[in-house]
Amino acid sequence: MIKISIEDDKLIIRGHSSAEDKDHEVICAAVSATAQMLMLGLRLAGVPEDAFSEPEEHGGEVVIDLTGVEEMERSCRIVLCAGIFQMMSIANARPKSVSVDIDFVKFSKYMDFSY
């Protein structure tokens, strides 16, 4: 199972989709592509390079550590929210293969409610 969680200021993606799921390669590719899009978008929005772990080929773990980011620009929050919501979409479609554990109270500091 792929487990996605927010712990303090870290987004952590761990694991692999079970080979028992007939679409396990597609599920892993969807999560991986979303994680890569999320990291690239955050980099473009100004998050420093050292906030991201090196994704390992078949390693099964990606960590985005926002501890050192003092103030998130609105663009960073938008990218982060889009990535999280896409991960939630994948989890909703494949709940036996992907779980998302996000405490909304912790996550809400990254969201912009000023629209």
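Everything that follows concerns the structure shown earlier in this document.
Basis of the calculations
- Here the residue index of a chain counts from 1 through its sequence in written order.
- Under the rules for a predicted model, residues below a pLDDT of 70 receive no local features and side-chain atom pairs below 80 are neither given nor counted, while totals for whole chains, interfaces and linings still include all residues.
- Calculated side-chain values reflect all of the structure's heavy atoms, with hydrogen atoms and water omitted.
- Only DSSP runs of H or I covering at least 4 residues are called helices, and only runs of E covering at least 2 are called strands; the numbering of each starts at the N terminus.
- Note on classification: 1.4 Å probe, protein chains only; a residue is buried when its accessible area is under 20% of the maximum for its type, exposed when over 50%, partly exposed between these limits.
- Whenever two N or O atoms come within 3.5 Å, that pair is a polar contact, provided that in protein one can donate a hydrogen and the other can accept it, and provided that, for residues adjacent in sequence, both atoms are side-chain atoms.
- Here, two residues are considered to be in contact whenever any of their heavy atoms come within 4.5 Å of each other.
- Nonpolar cores are built from buried Ala, Val, Leu, Ile, Met, Phe, Trp, Tyr and Cys residues. Side-chain atoms within 4.5 Å join them into one set.

## Re the side chain of Ser97
Alright, step 1. Its place among the elements puts Ser97 in the loop between helix 2 (74-93) and strand 4 (98-101).
Alright, step 2. A relative accessible area of 1% means that Ser97 is categorised as buried.
Alright, step 3. Here the side chain of Ser97 touches Ser17 through a polar contact of 3.4 Å, side chain to side chain.
Alright, step 4. With near-sequence residues (within four places) excluded, Ser97 lies in contact with Met1, Ile2, Ser17, Asp21 and Ile27.

## Quick look at the nonpolar core
Alright, step 1. Ile13, Leu42, Val47, Ile64 and Val98 are the most contacted members of the largest nonpolar core, which totals 27 residues.
Alright, step 2. If you list the elements that add at least two residues to this core, you get strand 1 (2-7), strand 2 (10-15), helix 1 (24-44), strand 3 (61-65) and helix 2.
Alright, step 3. Here this core gets seven residues from one element, more than from any other, and that element is helix 2.
Alright, step 4. Ignoring any residue separated from it by four or fewer positions in sequence, one finds Ile13 in contact with Ile2, Lys3, Ile4, Val31, Ala35, Gly60, Glu61, Val62 and Met87.

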